[in-house]
Each structure stands twice: as C-alpha cells, then as structure tokens.
Amino acid sequence: MNLYRWRNSFVSYAQSFWHGHQTAVILTGFMIIGLAVRLWGVGFGLPNLEHPDEDAVLMPAITIIKTGNLEPVRMEYGTLHIYLLTAVSTVVYLYAARNGIFTSPEQLTVFERGSYPAIYPHPEFFVGARLLSVILSTLLILVVYLLADRLGNRRQALVAAGLTAVLPDLVKHAHFATTDIALTFFSTISLYLLLRAYDNWDTDSMWAFVGASFVSGLTASTKLNGIVLIIPILLVIFLKVKRLDSLLSLRVLSAPIGMFFGFLVGTPYALLNLPKFLYWSGYAFRLYNAPSVELSQPSWLWHLSYHVTSPNIILVFLGFIGFFFSIRIWRERGLIISSFAVFLWIAIVTQTTHQARMWLPTAPIFVLWGVLVIDFLQQQLKARLANYKLSPNFSMILPLSLFLILLNNSIVISKIFYEPDVRTITQNWIEQNIPAGSKLAIEYFAPNLNPDKWTTTRLFHLADQPLEWFQTEGVDYLIASEAGNDPTQMTVEAYDKRIALLEKACLIQQFEGPFLSAESRRFWVYQVPPCN
C-alpha cells in the first residue's frame, strides 16, 4: 500500500514538474545531447597534431604562460581567443603541476608555426583548448534559443535550439581548438544583445546599446571578420534615430566607440604595437584574398557545391527559403539579424580562398531562417490534421525528423574522429616498409614522420618541382596527399601538372581512410625513378 501511494505521489510530482518546467527540461535535454556529440572524439589524434591550425592559436597562448609576455607572437586570427586559451592553459598547467608533471612554466614546449605535422609531448593542453570550443558551442544552443524566442515564440525557440544542438558543422568544429566556434558564439550573442537594445530602445538606458556594441568589438577581436557586426549596429541607429541632429546624441556616438574599445580589450596590441598588428592583418587579408590566385571555380560556386554535398544540406536549403520568410515576418528587426549573414556571405564569396568553415558564424542565422519554414509547414499540417480529426501533435514529425537526420549526421562525424586517421595509417606503413635513412619528399597534410629516421623535404605541392629536381636532390620517395590537393581548389593546369609528375614516378602503395572529420581521403607512396 505504501509502495502504491509512493508511486502515485512520484507520478503526480513528475507530471506537475513537467507541466511547470517543460521548456527548461526540453532545452536542457538538447544541451545534454549537444554536449555529448561534441565531447565524443574530442581527443582525436593526440599526441599527433592532426589539425593544421590548432597550433596557430594554442602555441601563442602557451608562449604567454612560458614567458609572461602578454603580446601574442601571432595576431592574424584575432587575439581574444588566444587570451581565452591562455586562461584555459593556465588551469591545465596548474592541474599538471599538481600531479608533478611540471615544476616551472619554462618546461613548456612551444612549436613554431609551420612545424606541423608534429607530436606534442603534453596533449592535455590541446584537450583543454578543444574543451573551450565544446563549452562555447554548447552555450551557443542557449543563445540561439534566446534569440529565436525574442524574434518569434517559445515553440520556434525550442526547435531552433534543437537544430543548433545537432547541426553537423557546429558539432565538427567544436572538436577543434580554432577560432571558428568562438567567433560563432560571440557573433550570435552580439546579435541577440543588439536586437534586445533595439526592442527596448525607449525603456533601456544608453548602456544597453553601448554594451551590445562592446561585445561586438570583442567578437571582432576574436577573428577580424567579426567587424561585419558594424552593419547591424549602424542599422539599429538608422532604424531608431528619426531626426538628423539625434545622430549626435551620446547614445549614438558611444556605440561605435564602444565597439572600438571592445576590440581593443581583446586586441590591446592593435594599439600598443600597431606595426605588428598591421603586419599580421595584412598577412590575413593577403592569405584569404590574394588577387593573383587563379580560381578553379568562382568562390560562390565552390561554396554552393560544398553545401549541396554537405551533411547540413537540408538545414541550409530551408535557411535559404526562410530568408525570404524573415523579410515578411521579422520586418525591420530582421534587418538587424539578417544583415550580418548577408554581408558576411558577400565577404566570403568575394575571397579567393575556399574554406567551408567560413560560413560557420552565419550557421545560427540559417537555423533561425530554417525554423520559419518549419513553423509554417507545421501550421499547415496542423490545419490539415484538424480536418481529419487527428492529433495536432503529429505536426511535430517535421522538426523531429530533421532533428534526427542532423543528429545522425553529427554522430557519423563524431565517430570518424575515433577512427585511425589516414595519415596514421600511412605513417605506420612507412615505418614498417621504407628503410631508415631514406630521403622523402612530403606534401602538406603529410603523415607525422620521425626526422631522426628519415630526411624529409616538405613542399606544399610536390608538383612545385619537376621530377628531375627530386632526382638531383637524391629524394628516394614521394608521399602524396589528396587532402592538400583537392581538384576543386586547384586550376585544371595545376592539377594536370601534378598528375603528370606522379605518372612519371612509381606507385608503391595507396591508402584511404578518414581525415579529420572527412570520411575518406587518399594518400600515396611513390618511388622516384629509377625504381626497384
């Protein structure tokens, strides 16, 4: 009898709790799922450094800890992320010191940029740096919920949070200690604060708008293309200021100043060492938009091709349609949100460098756009179900189906991180089959090879040199990589030149396997003629 009464009491309490906290329970569930797929495989590859950009931000952070000099050795990515990694690395160092691994920061190993591939003797620092991306990417789920709730309603907000939790590109890049997730997080929270300042313009003090602009400056200091947030800031001013002389008000003038100070807080050496900041900024602009680079295809076509074949395709497709819904539904408020995505995409498709991750800061906006389409289809389906006297809950099959499809795609990506990388497979074969003392020429994204065992010459592309050059230099083997020689990234002439070189060499072995989150990439080992 007591068991029966206890069971009824528990069921009653559970039902009461569910009805009172339904939204919080669902949102928490999404965040737990999002955290799980992001944590899965987060230690991939270590102690091998398999991502070519992680050391570019983590090594400056470790250098700060080692030397005490707060000026980063590199500044092309924006330095706020480096300072965040410095804080994380400090915690990792103290934990390692507590366990007797370190007695002084001077013992820390620092690799120069370009030493990739390599083995890092203290992989826990990379795990810590990647966990920062995991945390920010998980918190992004909550920020997207808040933004969608402000733009629409709680139903739309929950759908947006669920899709953000399992969007494959967000899950993939949460595994990396790079700047992309940090930029996406700060961009989204900046847009939320700007929209909130717009909505409460008549009731809030000027500090709400200035604070939103300050956070936008922090975003730009995370990665320089965050400067696009100046467009939403100016739109808030344009939409709210009705008189010309109001442009000289303290609130209006302090907003761009707030963004500038936010940028300086995250990038103080833009002021303290202006020549160095300009050098690295110029380096980044040249890298991404070199005017002399011949494109294999226009940037807009390359990015379109990527999304058509990517695991995000359904959401991206819905997002493009939802953009037109947003013009009608969000009206002026939508300009603040959508302008960031539109102008960032203009910057993306006018650059000569093709990187799929460039779209990432706009991914939450694509989620918001896509939710508008899903919500419209749900309402249409509800109306049809009512005519047939069926439960309106059947309309949830639309967002649930999309959630499960994206979740499956994200699980596939996270599982790939657990499998041996094709570079490791190639490395193991070389260690067992190529004699020590051989001279090797390797391409970028090559396997990690012991320089004490083989003499290695590293080229970005093997075809940068003719076969006769390798013979003159006494090179015995060529290690060719598909990862750094994607035909869609190369001109026809460059690709044909590469094939012509390799056809003159003697193919010994071909390898195929995962490469980072890619399901399959190929590597080849060739012998330089004369061949045995």
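Residues numbered from 1 in each chain as written. Predicted model: local features only at pLDDT ≥ 70, side-chain atom pairs only at ≥ 80, totals over all residues. Heavy atoms only, no water.

As for the packing of helix α7 (residues 180-199) against helix α9 (residues 230-240)
Where α7 contacts α9, the axes come no closer than 10 Å and their chain directions differ by 10°. It follows from the interaxial angle that α7 and α9 lie roughly parallel. On α9, the residues that touch Leu 191, Leu 194 and Tyr 198 of α7 are Pro 232, Ile 233, Val 236, Leu 239 and Lys 240. Residue classes in the contact of α7 with α9 are distributed as seven nonpolar, no polar and one charged. (Axes fitted to C-alpha atoms, helices over the stretch in contact; angles between N-to-C directions. Helix = DSSP H or I, 4+ residues; strand = E, 2+ residues; numbered from the N terminus. Parallel < 35°, antiparallel > 145°, perpendicular 65-115°, else oblique. Contact = heavy atoms within 4.5 Å. Nonpolar A, V, L, I, M, F, W, Y, C, P; charged D, E, K, R; others polar.)

Considering the packing of aromatic side chains
Remark: the centre distance and the inter-plane angle together describe each pair of aromatic rings, the angle taken between the planes. Here the structure, examined in full by the defined rule, presents 25 aromatic pairs. With a centroid separation of 5.7 Å and 80° between ring planes, the pair formed by Phe 111 and Tyr 120 is classed as edge-to-face. One exposure class covers both Phe 111 and Tyr 120, and it is buried. An aromatic cluster of at least three residues, connected via ring pairs, comprises Phe 320, Phe 323, Phe 324, Trp 345, Trp 359, Phe 366 and Trp 369. Sitting above the plane of the Tyr 198 ring, Lys 240 keeps its charged end 4.4 Å from the centroid. The aromatic ring of Trp 201 is capped on one face by Arg 251, whose charged end is 4.3 Å from the ring centroid. (Phe/Tyr/Trp six-rings, centres within 6.5 Å; stacked < 30°, edge-to-face > 60°. Buried < 20%, exposed > 50% of the residue type's maximum accessible area, 1.4 Å probe, protein only. Lys NZ or Arg CZ within 6 Å of the ring centre and 35° of its normal.)

Examining the side chain of Thr 362
The residue Thr 362 is located in the loop between α15 (332-349) and α16 (363-387) in this model. There is a polar contact of 3.1 Å between the side chain of Thr 362 and the side chain of Trp 345. Excluding anything up to four places from it in sequence, Thr 362 contacts Ala 341, Leu 344 and Trp 345. (Polar contact = N/O pair within 3.5 Å; in protein donor to acceptor, adjacent residues only side chain to side chain.)

Some remarks on the pairing of strand β1 (residues 439-443)
Two faces make up the sheet, and in a regular strand the side chains alternate between them. Of all five residues making up β1, four are buried, and the element is well covered by its neighbours. As defined by bridge partners, β1 adjoins strand β2 (residues 455-459) across five bridges and the pair is classed as parallel. Residue Lys 439 lies in a different strand from β2, and its bridge partner there is Thr 455. Here β1 pairs with strand β3 (residues 477-481) via three bridges, running parallel. Bridge assignment links Ile 442 to a residue of β3, and that residue is Ile 479. (Pairing = 2+ DSSP bridges.)

Points about the state of the cysteines
If you walk through the whole model with that rule in mind, you get one disulfide. Two residues, Cys 506 and Cys 531, share a disulfide whose sulfurs are 1.9 Å apart. Here the S-S torsion is close to 90°, and the disulfide linking Cys 506 with Cys 531 is therefore right-handed. A residue pair is termed long-range when its members are at least 10 positions apart, and Cys 506 in strand β4 (residues 506-515) and Cys 531 in the segment after β5 (518-527) qualify at 25 residues. For Cys 506, a relative accessible area of 25% corresponds to the partly exposed category. Taking the relative accessible area as the measure of exposure, Cys 531 reaches 29% and is therefore partly exposed. (Disulfide = S-S within 2.5 Å.)

As for helix α10 (residues 250-266)
With 17 residues, α10 ought to run about 24 Å at 1.5 Å a step, and its terminal C-alpha atoms sit 24 Å apart, in line with that. If you look at α10, its biggest bend is around 25°, right at Pro 256. Every buried residue of α10 is listed here: Arg 251, Val 252, Ser 254, Ala 255, Gly 258, Met 259, Gly 262, Phe 263, Leu 264 and Gly 266. Those residues of α10 that are buried lie in contact with α3 (80-98), α8 (206-222), α9, α11 (269-272) and α12 (274-288). (Expected span 1.5 Å × (residues − 1). Bend = angle between axes of the 7 residues up to and from the residue.)

Looking at helix α5 (residues 154-166)
For α5, which comprises 13 residues, the first-to-last C-alpha distance of 19 Å matches the rise-based estimate of 18 Å (1.5 Å per residue) to within 8%. The buried fraction of α5 amounts to eleven of the 13 residues, a majority that puts the element mostly inside the structure. Looking at where α5 begins, the residue whose side-chain oxygen comes 3.1 Å from the main-chain nitrogen of Arg 155 is Asn 153.

Structural notes on the environment of Arg 74
Position of Arg 74 relative to the elements: it lies in the loop between α2 (54-67) and α3. For the pair Arg 74 and Met 59, spaced 15 residues apart in the sequence, the C-alpha separation amounts to 9.4 Å. At a separation of 2.7 Å, a polar atom in the side chain of Arg 74 contacts the side chain of Glu 76.

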